[in-house]
Amino acid sequence: LTGAKYFLEPKTSNDNGKVRTKDIPAYVFPELLYCPKCRRIVTAREAANANPVKHDKCCLNDEKTGNRCNGTLVASRFIVICENGHMEDFPYSWWIHGNKCCTSDKPPRISMYNIENRSDIDSLFVKCENCGRTRGMAGAFAPAAFGGENGYPCGGNHPHLKDKHLRDEGECGHPLKTRLRSSSGVYFPVTMGALSIPPWSREAVKIIEKHFAALLYMDDDGRRGYLRELTTSRVSLERLLDAYERVKTRKESAPPRCESEIYRDEYDILSQGDVGNEEGDYSAFSAEIPRRFEDFFERVTVVDKLTVIEALMGFTRLKPWGGGNDKNNPDAGRIVPLSSSPKDWLPAAQLRGEGIFIRFRGDALSSWKRAIGNRYEKMSEQLSNSCLRSREDRFSEEYVLLHTFAHLLIRQLSNECGYSAASLREKIYSAFSNPKDDSEKMRGILIYLASSDCDGSLGGLISIARNPERFGSILENMLRKAQWCSADPLCITSMGQGFDSLNYSACHDCVLLPETSCEFHNVLLDRASVAGTPEQPRLGLMGELSGTL
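All values derive from a computational prediction rather than experimental measurement. (Residues numbered from 1 in each chain as written. Predicted model: local features only at pLDDT ≥ 70, side-chain atom pairs only at ≥ 80, totals over all residues. Heavy atoms only, no water.)

**Q** Mind showing me how you'd approach the overall build of the chain here?
**A** A count of helices and strands for the chain gives 13 helices and 18 strands. By the burial criterion, 45% of the 549 residues in the chain qualify as buried. Counting contacts in the chain only where the partners sit at least 6 residues apart, residues at least 24 apart contribute 68% of the total. Taken as a whole, the chain presents about 28,400 Å² of accessible surface, with 47% of it coming from carbon and sulfur. (Helix = DSSP H or I, 4+ residues; strand = E, 2+ residues; numbered from the N terminus. Buried < 20%, exposed > 50% of the residue type's maximum accessible area, 1.4 Å probe, protein only. Contact = heavy atoms within 4.5 Å. Areas by Shrake-Rupley, 256 points an atom, 1.4 Å probe, with all protein chains shown as cover.)

Written out as structure tokens, the structure reads:
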């Protein structure tokens, strides 16, 4: 799915930062620094040369007085980026002069200040100390600020790829945009995650995966002897031999798997319900469905032992990555590589925790779909024209419903159970438009709590889902709250809000979640799909139930 042969987990230590390692390289960016005391903009190299011991001081001699400033330097607040992922320091000199300063061939001395001690962007100006020209920074955020006949082109710079021959050559053609260095649009991670499920979650398989390279070149007797040394009280030799054959078959003959197949495998395991602790990183059991929701839910599975492998593939700038692993996708070039040269591995984290899986009834979804007609036709068109169009295969009426239900449930769990909304996550199991098999359509959601710094959580989600009365009360309160939003009636009647107008009735007051919790950028959401509207309760799967609460 990711194109990597294996994953590597970053090292962690318990030395409270006393021992420094060189496992993860770092670089200085922005390279332009600002001194709030003398208001000058200097380069990191100038500051380092002026004082090799303490680089955090603006120790440059003032050209007029000859004195040193000794003010504390901070990173320049403005940078420029483009949609191809390139990034560089804001070109202050070009912004003032349009080309270069006419008084000297050397880089001019630039200062930045606010007029009348104000703090807004309209009062911020940059000045060339050599020629005296000034220009305001407010216009730097205009869409075409660096365009035109004598514009400032993107130089194809990736600061984290320091070698010249590894950077993009020449101009990339995309216009530069000004952003604050701490803006969220500067860095959108591209990640992919999957559950560790049977048979791949079993301890025997994990042992074989670790030693597979050595086992592959042994004969049968040597392999049996090697595996005999790896047996434990929980893993027998027979299990190791069976796991070896399974892993060998997958690695040597199975073609690369697509995302829909990964989701299908996870959905099938979650739908099984009872899976024992001997399965290693995964165990689950079936729970009773709350009484008033038996017409909507087919199964509730409590996952008391859950492991998620999350890999970082790269990152994008300005716009989030829509998803998908199709290399022929025209937007694939927007992903910035992590390394200077291609690697056969990716950095990944192993998250452990617990979760609640809900499988919905197929007949209930079919009845709801007939009742709404072509309500989401406009949303589908909006998705086709957005930067997330590469994920059109995920769109369906059922996906909007399941996605919205997951958001509402996470918000209610956060309100009633003490969880922060950012600590809970979702996975939506809905039919892909181009699956490779004709098996039964997926129709479920997984709400889970997982972290990398502990072996599981405290069992909060488990205690909720195993108690049908308490879980039912949370679901009923969720529906009551979904009937009203503080932004109504504007919110409930909206047919285009949020990112690229890809939401209907969904805003920060009622449905949206922190970005770390949502699997699809807080889009394809509609509160009416769950609770209906006051005039048309049948637009919601649980609209009629909501009216009786």
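**Q** Please clarify how the packing of helix H3 (residues 203-215) against helix H4 (residues 220-228) should be interpreted in this entry.
**A** Working note: a packed helix pair is described by the angle between its axes plus the distance between those axes. It is the contact of H3 with H4, at a shortest axis distance of 11 Å, that shows an interaxial angle of 145°. The handedness of the crossing between H3 and H4 comes out as right-handed. Contact with H3, carried on its side by Ile208, His211, Ala214 and Leu215, involves Arg223, Tyr226 and Leu227 of H4 and no other residues of that element. Looking at the contact of H3 with H4 residue by residue, the class counts come to five nonpolar, one polar and one charged. (Axes fitted to C-alpha atoms, helices over the stretch in contact; angles between N-to-C directions. Left-handed = near helix turned anticlockwise from the far one by under 90°. Nonpolar A, V, L, I, M, F, W, Y, C, P; charged D, E, K, R; others polar.)

**Q** What's the story with the sheet that holds strand E12 (residues 177-180) in this structure? I'm lost.
**A** Remark on secondary structure: sheet strands pair via backbone hydrogen bonds, oriented parallel or antiparallel. The strand order across the open sheet built from three strands is E8-E7-E12, with neighbouring strands paired in antiparallel fashion. Edge positions in the sheet fall to strand E8 (87-89) and E12, since each has one partner strand and no second. For this sheet, the mean inter-axis angle between neighbouring strands, taken without regard to orientation, is 40°. Two elements, strand E7 (residues 78-81) and E12, share four bridges in a ladder whose sense is antiparallel. Note on E12: the bridge partner recorded for Ile81 is Lys177. (Pairing = 2+ DSSP bridges.)

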